[in-house]
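Understanding the architecture of this molecule
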Amino acid sequence: MNWPGQTARLPVAVNSPLEAINPNATLNMPLEFTESGDPCGTIFRVFMNLNLSESESFENYSREQILALMAEISREINGIHSLDELLEKIADLCRQFIDYQIFAILLVDEARQDLYWRFTIGYPEVIQGKHIQFGEGLVGTAAQRREPVLVPDVTKDPRYIDLVAGVRSELAIPLISRNRVVGVLDIESPKANYFHASHQKVLTLLAAQLAVAIDNANLYENLLAKSEMLETLNEIGRELSSILDLEPLLKKVAELLQRVFRYQVFSIMLVDEEEQVLRSRLAVKFNRDAVEKSKIPLGKGLVGSAVTRKKSLRINDVSKDPRYISVLSETRSELVVPLIYKDKAIGVFDLQSPFLNYFTQAHEDTLSALASHVAVAIENARLYERVVAAEARLDRELKFAREIQSSLIPDRFPKLPGTSFWAEYRPARTLGGDLYDFFPYKDEKVAIAIGDVSGKGAPAALYAALASGILRTRAGREYPPAEMLRLVNVSLRQRTIEGRFMSLCYAVFDSKTHVLQFANSGAPPPIVCKGGKSQLLSVGGFPLGMFDKAEYQELEVQLDPGDLVVFFTDGLSEARDLRGEEFGMERLQAVIENNFSLPVKKLLEKAFSQIEKFTLDTRRYDDQTAVALKVAPE
C-alpha cells in the first residue's frame, strides 16, 4: 500500500503528444494519496486546480504531472473489460476535466465502416445506435481527418448537424488506437466559446489512453462473445441432435438463445408448404408470456420477405419500413434471420425489441450462425414428425387390414361325420402371408387349402388375399387337387407380381371312404400319424406363380379310424432358438406322435407351445399355420 508523502515511480506514456519524451524513461514525483489509496483522485484534484478556461494554464502544468496523470488513468481504465462500464468510466473521467452537459462516445461499425452513437448523456433516446458516415457532421469530420474539431459557435459552421436543441459549441476528439480510428469523443455545450485550446489538448492527450482501453474492451468483448457463441453452438449441436420432437426442440432453442441474446420478443415461424404461409410454432414475450401465434403469407411482412429473399433483415426502426406488419404495438426494432436448409428457407428466427436501433451486426452474425445449426435440427424433427404421423397412419391401416384379413381366415371348421378339424394361425407381423381355408364339396367331402406366400407383411398378405380369392372362385367347381393347383397357377401367372410366388397344399377328404387326395406345390409335406407312428406324405410340385406351364402330381392316402393328418407351413419346422438352431421336422413329428391321442385342438396347441418353449424369446421370423384333421377312432 502507498502512503502520503511517498514517491511514485511511473513509466512515461508511449505515443504521447508531448514531444521529446524518452519512452524508456521513468520519472519520480511526490503524490498525495487519499485514504483509499487512490493516487488518481489526488492527481485529478491537483490538475483541476488549474483554470483550464485560460488558454495558458495547460502549458504551465508540468510534463511530469501530466504523464503521471495519464499513466494512472491508463492503469485504471485498462483494468475494465466491460465496454459499458468503461464508457461510463470515461464519461466520469471527462467530467473531471470539463463540466459538460452533453456528452457522447461514437464507435466505429467495422462492417458498415461508419460511426454509431454508443454512449450518450443529454441526447434524446432515439439517437442511441444511430449511424453517421465518416466526413458527415463535426464528429464524422474528426474521424475522417483523424484530428480534433473545435467549433466555438456551431451556428456558424455548415458541417454541424443539429441533434440536441440549444447547442452552441462543440468539441470532437478522434479516438485512435493502433493507427486506426475506433471512435470519436464528442462534447457539446449550450454556451458559445465554451471550449478552449486547453480542453482540446488535455482531451487529445486523454483520448490516446481512452482509445486503447476501448479497443481492448472491444476485443475482449468480441472474443468473449465468440467464445460464448462457439460454446453455445457446441451445446446446441449436442443437445438438439438428441431431440426429435419438434415442440420440445423449439422450446430448447428459445432456452439456449437466452444465453446469447437478451431478447424481449422471440418467435420461430416455419414454412407451411401447403398453405404457402409462415406459421408461428413458438412465440415468447419477455421470456414469460406467450405471444398469440399467427401466420403470415410468404413474401409478406419482414418475416415473409426474409424467407423469399433468404437473407437476414435488421430493421432499426420498423415504423419506417413499409413491409412491417404490426403485431405487437411496443415493437420498435426487429431482427429476422431465415432458417436455411439445403439452400431452402424452412422458416425464420424473429426477434423484436421495444427499443430503436437495438440489434447490432454482432446480433445478426451470431443468430445467423445459430440458425444454420437449428435449421438442421428443425428439419430432422419435422422429418421425424412426418415419420411418426406416417407410422401412426400405417398402424391404423394395418390394423384395418388385419381385421379384413382375419375375416378371410375361417374361424369355423367343417363338421363331417366321424371327422374333427382344427387350425391355428399365428402371423409373424400384423399382417401375414400364410393362408388356410376349407371348401365344402358334395357327398360329405371337404377341400383343405394351406399356403405360404414368399415374403412377409403387407405385400405377402395382399398376395395371399389374391390367391384366396382365386381358390374361392375355383372351389365351386370342385376340382381335384392337382387340377386346382394348375388352375391357380395359371391365374397367378396372368397377374404376375415380380418376386412373388407361393407354396400351396390342396387336399380333398372324403368322410365316407376316409380317402385323402392331395397335391403339393412346394409346401412342407403333410404328416400322417397312424397308430402313433408318423410319416411324411411327399409329392413334388413347383410353387405357384413361378412358371406358366406347371403340372402337378396327385397322391391318394387311405385313412383308418384314429388316423391323424397335420398340414403346416415351414414357420413351424424352421422356427429357431437363440443359437439359430431350427426346431426341425424330427421334433415336430415327435410332438405329434407324443400327443397323438389328444383332440386335434389340444394337439395343435401342444405343438405350438413346444415351439415357443424351444425358441424362448426369439422373435418369430415367419408366419406359423397348421391344419389338423382326425378320423374318429372306432
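The rules behind the values
Residues numbered from 1 in each chain as written. Predicted model: local features only at pLDDT ≥ 70, side-chain atom pairs only at ≥ 80, totals over all residues. Heavy atoms only, no water. Axes fitted to C-alpha atoms, helices over the stretch in contact; angles between N-to-C directions. Helix = DSSP H or I, 4+ residues; strand = E, 2+ residues; numbered from the N terminus. Parallel < 35°, antiparallel > 145°, perpendicular 65-115°, else oblique. Left-handed = near helix turned anticlockwise from the far one by under 90°. Contact = heavy atoms within 4.5 Å. Nonpolar A, V, L, I, M, F, W, Y, C, P; charged D, E, K, R; others polar. pLDDT = per-residue confidence, 0-100. Patch = residues over 30% accessible without salt bridge, like charges linked within 9 Å, V, L, I, M, F, W, Y side chains within 5 Å. Areas by Shrake-Rupley, 256 points an atom, 1.4 Å probe, with all protein chains shown as cover. Salt bridge = Lys/Arg side-chain N within 4 Å of Asp/Glu carboxyl O. Pairing = 2+ DSSP bridges.

Here we come to the packing of helix α10 (residues 457–475) against helix α11 (residues 481–494). For any two helices packed against each other, the geometry comes down to the angle between their axes and how far apart the axes lie. Running from N to C, α10 and α11 point in directions that differ by 130°, and their axes come no closer than 10 Å. On the basis of the axis angle, α10 is oblique to α11. Between α10 and α11 lies a crossing of right-handed hand. Between α10 and α11, the contacting residues are Y463, L466, I470, L471, R474 and A475 on the first element and M484, L487, V488, S491 and L492 on the second. Its residues assigned to classes, the contact of α10 with α11 comprises nine nonpolar, one polar and one charged.

Moving on: the confidence of the model for the protein chain. Do not read the predicted coordinates in detail wherever pLDDT is low. Mean pLDDT for the protein chain: 83, with 86% of residues reaching 70 or above. Low pLDDT, under 50, characterises residues 1–60; the predicted model gives this stretch 94 contacts beyond four residues in sequence or across chains.

Okay, a nonpolar patch on the surface next. Taken together, F501, F542, M546 and F547 make up a surface patch of nonpolar side chains, about 360 Å² in accessible area. With respect to the helices and strands, F547 occurs in the loop between β22 (533–536) and β23 (555–558).

Another point: the sheet that holds strand β20 (residues 515–520). Strand-to-strand pairing in sheets goes through backbone hydrogen bonds, with the strands running parallel or antiparallel. With antiparallel pairing, the five strands of this open sheet are ordered in space as β17-β18-β19-β20-β23. The open sheet has two free edges, formed respectively by β17 (434–441) and β23, since each of these has just one partner strand. When strand polarity is set aside, the average angle formed by the axes of neighbouring strands in this sheet is 20°. Across the face of the sheet, α10 comes into contact with β17, β18 (445–453) and β19 (502–510) while running at roughly 10° to β17.

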